[in-house]
Amino acid sequence: MKNKKDKMTVIIISTLLLVVIGFIVTIVLCAQSNKKISELTSDYNVLKTEVEELKVYKEKLETGNSAQAKTAEIQNSETPDESETVTASALDMVNIPAGTIIEGEKIDSENLSQYFCSYEIPEDVITRISGKSYRENDDIGLDELRYLKLLHYNFSGQIQMGELIVNAAVVDDILEIFQQLYQNQYQIESMYLVDNYWIENGEKTDTNSIEHNNTSAFCYREQTGGGVLSNHALGRAIDINPQQNPYVSFSSGSPYWYHDNADAYIDRESGALHMITHDDLCYQLFIQHGFKWGGDWTSPKDYQHFEKE
Ligand SMILES: [Zn+2]
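In this text, all values refer to a predicted model and were calculated from it rather than measured experimentally.

Peer 1: Could you clarify how one ought to interpret the overall build of the chain in this entry?
Peer 2: Summing up its helical and strand segments, the chain has 6 helices and 10 strands in all. Expressed as a percentage of the 309 residues in the chain, the buried residues total 38%. Expressed as a percentage of contacts within the chain between residues at least 6 apart in sequence, the contacts between residues at least 24 apart total 59%.

Peer 1: Can you walk me through the sheet that holds strand E2 (residues 116-120) in this structure?
Peer 2: Backbone-to-backbone hydrogen bonds pair the strands of a sheet. The strands run either parallel or antiparallel. Within the open sheet, the 4 strands sit side by side as E1-E4-E3-E2. Their pairing is antiparallel. Of all the strands in the sheet, just strand E1 (101-102) and E2 have a single pairing partner and so form its edges. Alignment of E1 against strand E4 (residues 159-167), held across 2 bridges, turns out to be antiparallel. Note that in E4 the partner of Ile102 across the bridge is Ile159.

Peer 1: What should I look at first to understand the coordination of the zinc ion in this one?
Peer 2: Each donor-metal-donor angle in an ideal tetrahedron of four donors is 109.5 degrees, and each such angle in an ideal octahedron of six donors is either 90 or 180 degrees. Bound to the zinc ion on the protein side are His232 (NE2), Asp239 (OD) and His305 (ND1), at distances that span 2.0 to 2.1 Å. Sequence positions of the donors to the zinc ion reduce to the motif H-x6-D-x65-H. Of this pair, His232 sits in the loop between helix H5 (202-211) and strand E5 (237-239) while His305 is found in strand E10 (residues 305-307), placing the two residues 73 residues apart along the sequence. There is no split in this pair, since His232 and His305 are both buried.

Peer 1: Could you clarify how one ought to interpret the pattern of salt bridges in this entry?
Peer 2: Using the criterion set out here, one finds 5 salt bridges in the structure. With its nearest N and O atoms 2.7 Å apart, the salt bridge here joins Asp173 to Lys308. Here Asp173, found in helix H4 (residues 171-183), pairs with Lys308, found in the segment after E10; they are 135 residues apart in sequence, far enough to count as distant. Classification of Lys308 by relative accessible area gives partly exposed; the value is 23%.

Peer 1: For this particular structure, what's the right way to read unusual backbone geometry?
Peer 2: Most of the time, phi is negative for any residue but glycine, and the peptide bond is trans. Between Ser299 and the following residue, Pro300, the backbone shows a cis peptide bond with an omega angle of 0 degrees. Take Pro300: it is sitting in the loop between strand E8 (292-293) and strand E9 (301-302). For Asn241, which is not glycine, the phi dihedral falls at a positive 35 degrees. Relative to the elements of secondary structure, Asn241 occurs in the loop between E5 and strand E6 (247-249). Looking at Asn241, the relative accessible area reads 0%, which means it is buried. If you check the backbone angles, His274 has positive phi at about 70 degrees while not being a glycine. Within the secondary structure layout, His274 lies in the loop between strand E7 (256-257) and helix H6 (281-288). Judged by its relative accessible area of 18%, His274 is buried.

Basis of the calculations
Note on numbering: residues in each chain are counted from 1, in written sequence order. Only residues with pLDDT of at least 70 are given local features in this predicted model, and only at 80 or more are side-chain atom pairs given and counted; all residues enter the totals for whole chains, interfaces and linings. Excluded from the side-chain calculations are hydrogens and water; all other atoms, namely the structure's heavy atoms, are used. Secondary structure elements follow DSSP: runs of H or I no shorter than four residues count as helices, runs of E no shorter than two count as strands, and numbering proceeds from the N terminus. Working definition: with a 1.4 Å probe on protein chains only, accessible area under 20% of the residue-type maximum means buried, over 50% means exposed, and in between means partly exposed. Contacts were defined at the residue level, with two residues in contact if any of their heavy atoms lie within 4.5 Å. Pairing between two strands is assigned when DSSP locates at least 2 bridges connecting them. Donors, by definition, are the N, O and S atoms found within 2.8 Å of a metal, the threshold being 3.2 Å for Na, K and Ca, and water is not counted, so a site can look incomplete. Salt bridges are defined as contacts in which a side-chain nitrogen from Lys or Arg sits within 4 Å of a carboxyl oxygen from Asp or Glu.

Pasting the structure below:
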């Protein structure tokens, strides 16, 4: 019996021990897993924080990139590239003297009208023309005239500065015509005010200007031959390349001309360069703008002359 009792005691103690051990093990395991959980939680929190930081960093990067892209965009639109800087440079038209050769690269061919300019007669020009092509009169006032600066091709194919004085009423026509002539590289030898050739009076000056094959418009003078005021006196007539387009009289039946330098240009069918004919662009443009051509007169024939009343 005692043995049996002892056995039972051993069993009970063993069971209790097992329970206690199991309890301890469970507690230890729980503690460990709790520790693990808290570690994991802590790791998760660290990762979460890192993800948040990465998000912020990514946003910063994106904003930075778009800001950079925006800056580049602005730079592209506001900072012209070098070729643009060269071609877009505006010429100081009024202050560049007539006869100046202009480099083609300086011309902004997309905006040509800026090179075909009209001004009220500037003070320095008034000084140049007073007592010469202009004098006090009852027919035309300085306020009715305009000083033009424009580009043309010369006989060497270079771009050259030209100047003209015309009546304010024909300014738009003249500027449009000369811009079209320029666009078609129509050659005009020179274009200075007649005052550059002034000798004594209007008629001698006109002769001198023609001898230099100068294209000009305004000159307060009578018509060639005298008596009647010329349309040049009102700034409503212009003479183009007068050497190749001479004034020819037929009053004696056969052609008569005043300038020896025109000998090669009396035969209007010769096809020589720079002669104005009905096929010529210059003729066509002036006619389109309502001008009359001296080449269509019977006698004299004034091939250089266009006028609009
Ligand atoms: Zn004329």
